[in-house]
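Survey of secondary and tertiary structure
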Amino acid sequence: TAKTKDIASVEITQEFGERVLLIHFNEIGARKNKAFTGKCLRKQIALMIDGKVVSAPVVLSPSEDQTAISGNFTEDELKNLLASLRSSVPVVVP
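Here goes a summary of the coordinates provided. Owing to the predicted nature of the structure, the values given are computational and were not obtained by experimental measurement. Each chain has its residues counted from 1, running along the sequence as written. In keeping with the predicted nature of the model, local features appear solely for residues at pLDDT of at least 70, side-chain atom pairs appear and are counted solely at 80 or more, and the whole-chain, interface and lining totals rest on all residues. Derived side-chain values reflect all non-hydrogen atoms in the structure, with water molecules and hydrogen atoms excluded from consideration.

1. Observations concerning the sheet that holds strand β1 (residues 7-15)
- The pairing criterion is simple: DSSP has to find at least two bridges between the two strands. Numbering of helices and strands runs from the N terminus, with a helix taken as a DSSP run of H or I at least four residues long and a strand as a DSSP run of E at least two residues long. Overall, antiparallel pairing links the three strands, which are arranged β1-β2-β5 in an open sheet. For this open sheet the edge positions go to β1 and β5 (66-69), each flanked by a neighbour on one side alone. Across the sheet, the axes of successive neighbouring strands diverge by a mean angle of 25 degrees, strand direction being ignored.
- Across eight bridges, the pairing between β1 and strand β2 (residues 18-25) is antiparallel. Note on β2: the bridge partner recorded for V10 is I23.
- Working rule for contacts: check all heavy atoms of both residues, and any pair within 4.5 Å makes them a contact. Lines fitted to the C-alpha atoms define the axes, with helices restricted to the stretch that makes contact. Angles between their N-to-C directions range from 0 to 180 degrees. Relative to the sheet, helix α1 (residues 27-39) contacts β2 and β5, its axis offset from that of β2 by approximately 115 degrees.
- Across the sheet, helix α2 (residues 75-87) is in contact with β1 and β2; its angle to β1 comes to roughly 165 degrees.

Shown next as structure tokens:
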């Protein structure tokens, strides 16, 4: 069980005309995220909060210090994801 957050901050932003959830990792989280996304290229992964899958994106490219999660999210879904990530202790589990 992790005792610290791997995620430094989370925000909703605009990329390529689409609203996305942008996750910024701290140094430890960035190393884990780089290893994880490198192994999962073009595979579907699960974003889990409190034991529930809240999103199941496909890794399109390896990332390190930040990653964007996009999809056909409504504004409310994005805000709920943002609030959930901010209120939990998220960690990257390769």
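2. Notes on the environment of N80
- On the secondary structure map, N80 appears in helix α2.
- For the pair N80 and V54, spaced 26 residues apart in sequence, the C-alpha to C-alpha distance is 9.6 Å.

Note that all results are geometric; they support no functional claim without further evidence.
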